[in-house]
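What follows is each chain in one-letter form.
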Amino acid sequence: MKRVYVNEKWCLGCHLCEYYCAFASTNETDMAKALKDKKINPRIRIESNEGINFAVSCRHCEEPLCVKGCITGALSKNDGIITIDRNRCISCYTCILCCPYGAVSPSEDGAVQKCELCIKTNVGTPQCVKGCPNGAIVYEERGE
Amino acid sequence: MAINYVYPEYEIVRNYDRCINCRVCERQCANEAHKYLSDYNKMTSDDSKCVNCHRCVALCPTRALKIVKSNHTFRENANWNGKSINEIYKQAESGGVLLSSMGNPENYPVYFDKILLNASQVTNPSIDPLREPMETRVFLGAKPDRIERDENGRLKNNMPPQLKLSMPVMFSAMSYGSISYNAHESLARAAAEMGILYNTGEGGLHEDFYKYGQNTIVQVASGRFGVHKKYLDSGAAIEIKMGQGAKPGIGGHLPGTKVGEDISKTRMIPEGTDAISPAPHHDIYSIEDLRQLVYSLKEATAYKKPIIVKIAAVHNVAAIASGIARSGADIIAIDGFRGGTGAAPTRIRDHVGLPIELALASVDKRLRDEGIRNNVSIVVAGSIRSSADIVKAVALGADCVYIGTAALLALGCHLCRSCQTGKCNWGIATQRADLVKRLNPDIGYKRLVNLLTAWKHEIKEMMGGMGINSIESLKGNRLMLRGVGLNEKELEILGIKHAGE
Amino acid sequence: MKYVIIGNSTAAIGAVEAIRKNDKEGKIVILSKENHHVYSRPLISYLLLGKTTEEKMKYRKDSFYTENKCELKLNKTAERIDVENKQVILDDGSYESYDKLLIATGSSPFVPPIRGLDKVKNKYTFTTLDDAKALESVLNENSRVLIVGAGLIGLKCAEGISKKKVKITCVDLSSRVLSSILDDESSEIVKKHLENNNISFYLEHQITELDEDIAVLDDNTKIPFDVLVLAVGVRPNVSLIKDIGGKTNRGIIIDERCRTSIPDIYAAGDCCESIDISSEEAKVMALLPNAYMQGECAGMNMSGVDFVFDKAIPMNAIGFFGLHIITAGTYSGDVYFESDGKNYKKLFYSNNKLNGFILVGNVEKAGIYTSLIREKTPLDTLDFELICKIPGLMAFSKETRAEKLGGVRK
């Protein structure tokens, strides 16, 4: 299954992936209109320290601890992609407790959110990949 | 300082309706021209720090930024323009030599833009490049005067070593030190993929790039940085740098701050020391001395590699070239006054040297008049900007061109001419690891390949249009050129007729 | 192959999903004491709060049993197991034969023997959907509710009924709320937050006597009430195994493959006791993620695949009125502590390992700490100072990051 991979060799820590992620979730067509005066809460997040940068997003694990821990069954695996049914989520944060990558985070309305490979957006393919100016993020199969 | 004599040349214009405070401009400007004010939730910019490199403009996801030339003016003066005045202020302030980067930007005539190409019609039909084979390959090196046969009548191979190129373009000398490791990797990989060569410049050859040796010209400059036996053996050809178009008559200078561990190892100098290349080679004071070096290098490499001698285009370039052609060199590279550099004194860059078009034409004519044109191939450099410039250069007598600035533009350079600060925001003319990262060779080399592939097609189209199907037939073919807006002397030196004749 | 599962909650579902990965044909029978499609038990308080519905509470969709070819038998209580004949005897006299049996009987609320408890009309425990519905039916505006126990269940019940305009009082013998998972300082932060949401506490007290509508504390304080909720603890349901001589302690003792001491009988979930790897002690870890993973482990082994679950640790994610708490592991060893009054973080480590942690308020990326405990990551392979301040993958080495994020296999 294709996944999003970030190569820290080329990541500049410019945060454009975060903005493209936030933009994709709005399903708007113009980024300025979509994100003007908004504090973003993206599903891919940059970690930076002393010249090292990389972005972390859901790994869509083969053995997903978040799915096993979810108390409502809101998190489930569909065709390899771990998705969240936001209607079912009651914000208990057990998934945040379980995720070893820190890839799940609370969203503005309380339900949790994480990268779902842009399958629920209008564009359909991961936008963080598109927004990266230095080829640090790729969407490919690595036999995991 | 109390009095601001010099007003910022550029202003950063931000469309606040489109700015989403993503701070990419702030993060990506090595000159720290942008800042996010958290109290006001607003981005702000300091025009005085902007060098007009466009990094922020190119990365802004909502296209909210542009850089404009400030319309703050001096009183109009055809003689004392703003630039001249500001330069006086700078020197009164610093007491130092003005330094600049890249090529001469001044308003001297660009002869390529005053030369037009022919096309076939009616009497001599054009060739369709999509249907007919078009030969863009060239071979650089000395050509023998006559065919020789052995006692059985079979052809003797009396060809000196040749460089085979898939098209008449090579990447110009840009040293590792003036440009980054990633820039070199992009050039090397692109040269390998396109079947052409790139040039190490005077910074030596990094050990990671020995594997591209077949596509590398190793340069021996006056500082002899990084020159050792393995270095000479690794390249496909050796270039002796006598001069450089951007700064004829003087040497090179890489500040000690840029000489880190890697550069120190590659150039074979201690870390942190300035890398100064002296003006002359201190063992070459005459044409005989040059001949001696040429043959020393041939001996050291078993006569297997062509030797290139690179000179700047100066007033008696034809005589110099004639001497070089008799010295045993296989290829002469001539660098015109528009050539780029990492750093040079502004006055030398802008006021010394000759346009390559005139230099080329006069050298080609001189060598042909003396019957020694086949002793050498001629490579020209100094602002080849498009495939049209290449075709015109070949028609004026060049075997091949070097591209420097054009290659860097393909890699992302925006010609802001601030290379000497070492803070190139595009990761090209810098050694800062966080900036060098911005040039991903996987992307860079592809862009170079794209550029050359496009030019190759265009060259074929233009040649086909002229009814020519090989570079060899275009070479020195002055009848394919006409001048426009040139005076008699210029036409005479270029050896072409005026349009309409 | 016939699989019988006693219990119809999380552990049972984990087992079914694991069995069906390996055995698509074997018969699965689920015996449920309750009368409901599997629902998520922790959600009963959210139901009262109005944040979920009975429909959304279902832990798996309606078609789960048919899609996984399970026969669900509701309202059936298992009375005893006939090990020799491999049969489960039910309360209605019928029996269910098995090849592999899973005990997922969960736990039952402990009813403390308080004098006068029989006189109280409106008394409830709070562990099942039926409990919640029953409780809701007797609440009116201004009802005075007295909750015995300020632990996880008691406080969740309090939050659950908080929108019903009732007066809520909570009594606990411990000096702190959530005493099983929080220490003094963090507990104080939570208590203040709950008090700000109109819940009153009598801590370090117990009820010595009850009358129809009055509770008397050990210091003679009298608390009038209309409804009493007992939330003092739960006891694992071990009788089925105990009665046939299987090893039990507080819970049914299972090994890393979820086997009980009796062949072909497995156990999973709140009814069991297993090794908490953060303290190397046997514990009942009655938490939903553990229940699922034990059920999965049991199911794998029951269907012939050797599968080990040896990473069980206590872990909790809970929240009250917008304040989140995440804890895991054991609280022993050296301490890293930071608090700004609202956000509280304490990490416990010794012998080059992270033993446990408490997070209140800012709980982002807590899973990074959890993973250090579960994987027993040696702390000298990380930038420990950095990870204490900022949980993240940056603290790991470049090689580890390439493995975790880049799909690079060692």
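Residues numbered from 1 in each chain as written. Chains lettered and ligands numbered in written order. Predicted model: local features only at pLDDT ≥ 70, side-chain atom pairs only at ≥ 80, totals over all residues.

**Q** Just checking my understanding: could you explain the overall build of chain B for this structure?
**A** Helix and strand counts for chain B stand at 16 helices and 21 strands. For chain B, the spread of C-alpha atoms along the three principal axes comes to 90 × 60 × 45 Å. Looking at chain B as a whole, 49% of its 501 residues qualify as buried. Of the contacts formed within chain B by residues at least 6 apart in sequence, a portion of 68% connects residues at least 24 apart. (Helix = DSSP H or I, 4+ residues; strand = E, 2+ residues; numbered from the N terminus. Buried ≥ 20, exposed ≤ 12 C-beta atoms within 10 Å, placed from the backbone. Contact = placed C-beta atoms within 7 Å.)

**Q** Would you explain the interface of chain C and chain A in this entry?
**A** Interfaces are often sized by the accessible area lost when the parts come together. In this complex, chain C contributes 37 residues to the contact, which on the side of chain A involves 30 residues. When residues of the side of chain C that touches chain A are traced back to their parent elements, those giving at least two are α8 (288-302), β22 (315-320), β23 (323-329), α9 (366-374) and α11 (398-406) of chain C. Of the residues contributing to the side of chain C that touches chain A, the split by class is 19 nonpolar, 10 polar and 8 charged. (Nonpolar A, V, L, I, M, F, W, Y, C, P; charged D, E, K, R; others polar.)

**Q** Is there a simple way to think about the sheet that holds strand β18 (residues 252-253) of chain C in this case?
**A** Sheets are built from strands that pair by backbone hydrogen bonding, the pairs being arranged parallel or antiparallel. Taken in spatial order, the 3 strands of this open sheet run β18-β20-β21 (chain C), and their pairing is mixed. Here the strands that pair on one side only, and so sit at the sheet edges, are β18 and β21 (281-283) of chain C. (Pairing = 2+ DSSP bridges.)

**Q** Would you mind going over the domain arrangement of chain C with me for this structure?
**A** When the domains of chain C are assigned, the result is domain 1 (2-41 + 58-108 + 235-302), domain 2 (117-230) and domain 3 (325-406). If you average the C-alpha positions of domain 1 of chain C and of domain 3 of chain C, the two centres end up 33 Å apart. (Domains from an automatic or database assignment.)

**Q** Sorry if this is basic, but what is going on with the packing of helix α8 (residues 317-325) of chain B against helix α10 (residues 356-369) of chain B here?
**A** Residues and elements named next belong to chain B. Put simply, α8 and α10 touch, their axes get as near as 9 Å, and they point 50 degrees apart. Considered as vectors, α8 and α10 are oriented oblique to each other. The element α8 and its partner α10 pack so that their crossing is right-handed. Along the contact surface, α8 presents Val317, Ala318, Ala321, Ser322 and Ala325, while α10 presents Ala359, Ser362, Val363, Arg366 and Leu367. (Axes fitted to C-alpha atoms, helices over the stretch in contact; angles between N-to-C directions. Parallel < 35°, antiparallel > 145°, perpendicular 65-115°, else oblique. Left-handed = near helix turned anticlockwise from the far one by under 90°.)

**Q** Quick question: what am I supposed to make of the pairing of strand β18 (residues 377-381) of chain B here?
**A** All names here are of chain B. Buried residues dominate β18, accounting for 5 of its 5 residues. Across 5 bridges, strand β16 (residues 331-335) lies against β18 in parallel orientation. Paired with Asp335 across the strands is Ala381, a residue of β18. Here 2 bridges tie β18 to strand β19 (residues 400-403), and the two strands are oriented parallel to one another. Considered in β19, the bridge of Val380 is made with Val401. Remark: the β18/helix α11 (residues 387-395)/β19 crossover connection has right-handed handedness. (Right-handed = clockwise from strand over helix to strand, strands pointing away.)

**Q** Before we go on, may I ask you to explain helix α6 (residues 184-196) of chain C in this structure?
**A** In an α-helix, one full turn covers 3.6 residues, which means residues spaced three or four apart are oriented alike. Residues and elements named next belong to chain C. Between its terminal C-alpha atoms α6 stretches 18 Å, which fits the 18 Å expected from 13 residues at 1.5 Å a residue. Every buried residue of α6 is accounted for by Ser186, Ser187, Ile189, Val190, Lys191 and Leu194. The inward-facing, buried residues of α6 contact α5 (152-161), β12 (199-203), β22, β23, β25 (344-350) and β26 (353-360). (Expected span 1.5 Å × (residues − 1).)

**Q** Teacher, can you tell me more about the interface of chain B and chain A here?
**A** Taken together, the contacts link 19 residues of chain B with 16 residues of chain A. Mapped onto the side of chain B that touches chain A, the elements with two or more residues apiece are α1 (24-28), α13 (433-436) and α14 (441-466) of chain B. With 3 residues, the top contributor of residues to the side of chain B that touches chain A is α1(B).

**Q** What's the story with the domain arrangement of chain B in this structure? I'm lost.
**A** Looking at the assigned domains, one finds that chain B contains domain 1 (10-96) and domain 2 (169-411 + 440-471). Taking only C-alpha atoms, the centre of domain 1 of chain B and the centre of domain 2 of chain B are 34 Å apart.

**Q** For this particular structure, what's the right way to read unusual backbone geometry?
**A** For residues that are not glycine, phi is negative in most cases, and the peptide bond is trans in most cases. All names here are of chain B. Within the chain, Asn21 stands out as a residue other than glycine whose phi angle is a positive 55 degrees. Turning to its location among the elements, Asn21 is positioned in the loop between β1 (10-14) and α1. Phi is positive for Val122, close to 60 degrees, though the residue is something other than glycine. Looking at the element boundaries, Val122 is found in the loop between β6 (115-117) and β7 (138-140).

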